[in-house]
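# Summary of the model geometry
Here are the chains, one letter per residue:
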Amino acid sequence: MNEATVTAGDIARLVDVGRAAVSNWRRRYDDFPRPVGGTASSPVFSLAEVEDWLRRNGKRFEVSLAERVWQRLRAAADDLALGELVAETGIALEDGGFRSDELLSGAVGELGRRAVFEFLYERYQEVHVRRLPVTPGPIAELMARLAGRAGSVFDPACGTGALLLAAAAPRASGQDLDETSAAMTGTRLRLAGIDARVVAGDSLRHDAFGTEVADAVLCDPPLNERAWGHEELAGDARWVYGVPPRGEPELAWVQHCLAHVRPGGTVAILLPPAVAGRRSGRRIRGNLLRAGALRAVVTMPDGTRDLWLLRRPEPGTGGDRVLLMESTEDLSMVEKAWAEPDSWTTRVIDLLDDDVDLSPARHRGADGGESFLAALEGFRARALDAPDLAVLTQDRSWPLITIGELIKAGLVRKSGEGVPVKSPAGTEYRVDPERIDPDFLAGLLRSAMHRMTSNSTRLDLRRVRVPRLPLAEQRAYGRAFRRLGEFEAQLAEAAEYGERLVRLGFDGLADGHLQPED
């Protein structure tokens, strides 16, 4: 077995510092361990040597049992075979085989089976971040919410399970070309308490689910897949809306998803923006519109992908309008628009021309100014009322205590029972609301983040100082902090409407849908 190794990022986690601190140690200390592998830009170090150096230099660190399990896996195989070892560990966690492994059993005792596997998966994903594209969390969660509450969900290109986990349905099924990814997805779902069936295989060529349907389908299919089986699948029964052209594998995925959702069920699928306007796919896009299957095309904030929302037609359903919109970072606006079909302003009949171009950007202002009026109404409806705070003539002084001291005293915990309090940096604490007001602590953590100096690379939350106040006074401050947070959310929503108002105003004046009033 090879020696356990760690990266600079691993060392930073062990000591709870930023990566810049590790880089400084390497420059400043001649006795810092030399790399034992990796590359010049991404070196790896002996874990034993790093631990010895940290002890000799008085650096406090913690190597959890889960971390030691991970390091053992890293040392047992090269990175290409690492996924198989992680998947095998997942099987042991599922079937109880971990009990014969003292180290793994100890990690389970500390964290639980699911947390241990998620820890190993996250480490594996970090190593293979370029080979394992994962749907961004906010977009995955948006897709799950748009699909609605579902008893069963299906993902035919499930990868390592981001969309199926976001859906959190009681039953989940998935397929992926990569055997290791499929195995990991199945384990992640089952350890989360989900009844899951995940298989490996080519979904388009070898559909493992036949005529099975789910309440909802979520999918983030592979990009630029030219050898998708055009010739051998030409007569496939899934192509209800037309045989996908050779260069339109995305429209094959769309129809595959529709074939696996129940009538009236929702499909949410991410596609390259070009799919909305390519001439080769206009016939299928037109048929999807005429049948009432395609309900929305939403451009994601970074502009690199569109989210298509479809419903498998059932008698008496459909509609003469679709939702075409460009999203901002505030993805909640997409949910609001999707929930109000009566406000959708793009008519299907206006899209059924020679191009059937569904690109949201192309149809800005095509509603005769209705979107501008809706944005104006939304902006005016958000009258902002800033919270009132009294100004003191002299700064108040009070006794202080650090978060670290509160943790030692048991008033703040890193896990276990209590109300969760999340810092802006993502760290979560738990408190007893009868001893520490959660909003009070959250506001102080937020303020500490604001006060970081420009040359600081990382905030040490344990050193954040907290005023020692009676609970009643904590709650008063907590209410004020909470009102500020609510005001911030209202401000962001107003800014979203204002940004849309400006954009639609410029486009409407330029396109002839709006005119000056004076």
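Scroll up a little and you will see the structure.
Description of the structure in this document. (Residues numbered from 1 in each chain as written. Predicted model: local features only at pLDDT ≥ 70, side-chain atom pairs only at ≥ 80, totals over all residues. Heavy atoms only, no water.)

## Quick word on the overall build of the protein
For the protein, the count of helices and strands is 18 helices and 17 strands. Considering only intrachain contacts with a sequence separation of at least 6, the fraction spanning at least 24 residues in the protein is 66%. When the accessible surface of the protein is summed, it comes to about 26,900 Å², and 49% of that surface belongs to carbon and sulfur atoms. Charge-centre separation for the protein: the mean point of 67 positive side chains lies 4 Å from the mean point of 78 negative side chains. (Helix = DSSP H or I, 4+ residues; strand = E, 2+ residues; numbered from the N terminus. Contact = heavy atoms within 4.5 Å. Areas by Shrake-Rupley, 256 points an atom, 1.4 Å probe, with all protein chains shown as cover. Lys, Arg positive; Asp, Glu negative; His and termini not counted. Charge placed at Lys NZ, Arg CZ, Asp CG, Glu CD.)

## Some thoughts on the nonpolar core
Ranked by internal contacts, the top residues of the largest apolar core, which has 38 residues, are Leu258, Ile269, Leu288, Trp308, Leu310 and Leu358. Sorting elements by how many residues they give to this core places helix α11 (residues 249-259) first, with 6 residues. When sequence neighbours within four positions are dropped, the list of residues in contact with Leu288 reads Tyr241, Val254, Leu258, Ala293, Leu294, Trp308 and Leu310. (Core = buried A, V, L, I, M, F, W, Y, C linked by side-chain atoms within 4.5 Å. Buried < 20%, exposed > 50% of the residue type's maximum accessible area, 1.4 Å probe, protein only.)

## Quick word on the pattern of salt bridges
One side chain can pair with another of opposite charge once the charged atoms of both are near each other. A complete count under the given rule lists 32 salt bridges for this structure. Arg190 serves as the salt-bridge partner of Glu94, at 2.5 Å between the closest nitrogen and oxygen. In this pair, Glu94 is assigned in helix α5 (residues 79-95) and Arg190 in helix α10 (residues 179-191), connecting sequence segments 96 residues apart. On the accessibility criterion, Arg190 (36% relative accessible area) is partly exposed. In this structure, a network of salt bridges that share partners links the residues Asp10, Arg13, Glu67, Arg123 and Glu126. (Salt bridge = Lys/Arg side-chain N within 4 Å of Asp/Glu carboxyl O.)

## Brief notes about the packing of aromatic side chains
Given two aromatic rings, one states the distance between the centres and the angle between the planes to describe the pair. This structure, assessed with the given rule, holds 8 aromatic pairs. Here Phe32 and Trp53 contribute two aromatic rings whose centre-to-centre distance is 4.8 Å and whose plane-to-plane angle is 70 degrees, an arrangement assigned as edge-to-face. One end of the pair, Phe32, is in the loop between α2 (19-28) and β2 (37-38); the other, Trp53, is in helix α3 (residues 47-56), and 21 residues separate them in sequence. Taken as a pair, Phe32 and Trp53 share a single burial class, namely buried. Ring centres 6.3 Å apart and planes at 80 degrees place the aromatic pair Trp228 and Trp239 in the edge-to-face group. Within this pair, whereas Trp228 is found in the loop between β7 (214-219) and α11, its partner Trp239 is found in the loop between β7 and α11, the two being separated by 11 residues in sequence. Judged by relative accessible area, which is 7%, Trp239 ranks as buried. Members of the aromatic cluster, each reached through a chain of ring pairs, are Trp25, Tyr29, Phe32, Phe45 and Trp53. Lying across the ring of Tyr121, Arg188 places its NZ or CZ 3.9 Å from the centre. (Phe/Tyr/Trp six-rings, centres within 6.5 Å; stacked < 30°, edge-to-face > 60°. Lys NZ or Arg CZ within 6 Å of the ring centre and 35° of its normal.)

## Topic: the state of the cysteines
Taken as a whole and judged by the stated rule, the model has 0 disulfides. Unpaired in this structure, Cys158 has its nearest cysteine sulfur neighbour in Cys219, at a distance of 9.4 Å. Owing to a relative accessible area of 5%, Cys158 belongs among the buried residues under this scheme. Take Cys257: it sits in no disulfide, and the sulfur closest to it among the cysteines is that of Cys219, at 4.1 Å. Overall, Cys257 belongs to the buried group, its relative accessible area being 0%. (Disulfide = S-S within 2.5 Å.)

## Here we look at the sheet that holds strand β15 (residues 419-422)
Ordered by their spatial adjacency, 3 strands build an open sheet running β14-β16-β15, and the pairing between neighbours is antiparallel. Looking along the sheet, the strands with just one partner apiece sit at the ends: β14 (412-413) and β15. Where β14 lies against strand β16 (residues 428-431), 2 bridges are found, and the strand directions are antiparallel. Bridged to Val412 within β16 is Val431. Its contacts with the sheet put helix α17 (residues 438-450) on β14, β15 and β16, and the angle it makes with β15 is roughly 15 degrees. (Pairing = 2+ DSSP bridges. Axes fitted to C-alpha atoms, helices over the stretch in contact; angles between N-to-C directions.)

## So, the packing of helix α6 (residues 102-111) against helix α7 (residues 113-127)
Put simply, α6 and α7 touch, their axes get as near as 7 Å, and they point 110 degrees apart. One way to sum up the angle between α6 and α7 is to call them roughly perpendicular. For α6 against α7, the interelement crossing comes out right-handed. Note on element contacts: α7 touches α6 through Arg113, Ala115 and Val116, opposite Leu104, Ala107, Val108 and Leu111. For the contact of α6 with α7, a count of residues per class yields 6 nonpolar, no polar and 1 charged. (Parallel < 35°, antiparallel > 145°, perpendicular 65-115°, else oblique. Left-handed = near helix turned anticlockwise from the far one by under 90°. Nonpolar A, V, L, I, M, F, W, Y, C, P; charged D, E, K, R; others polar.)

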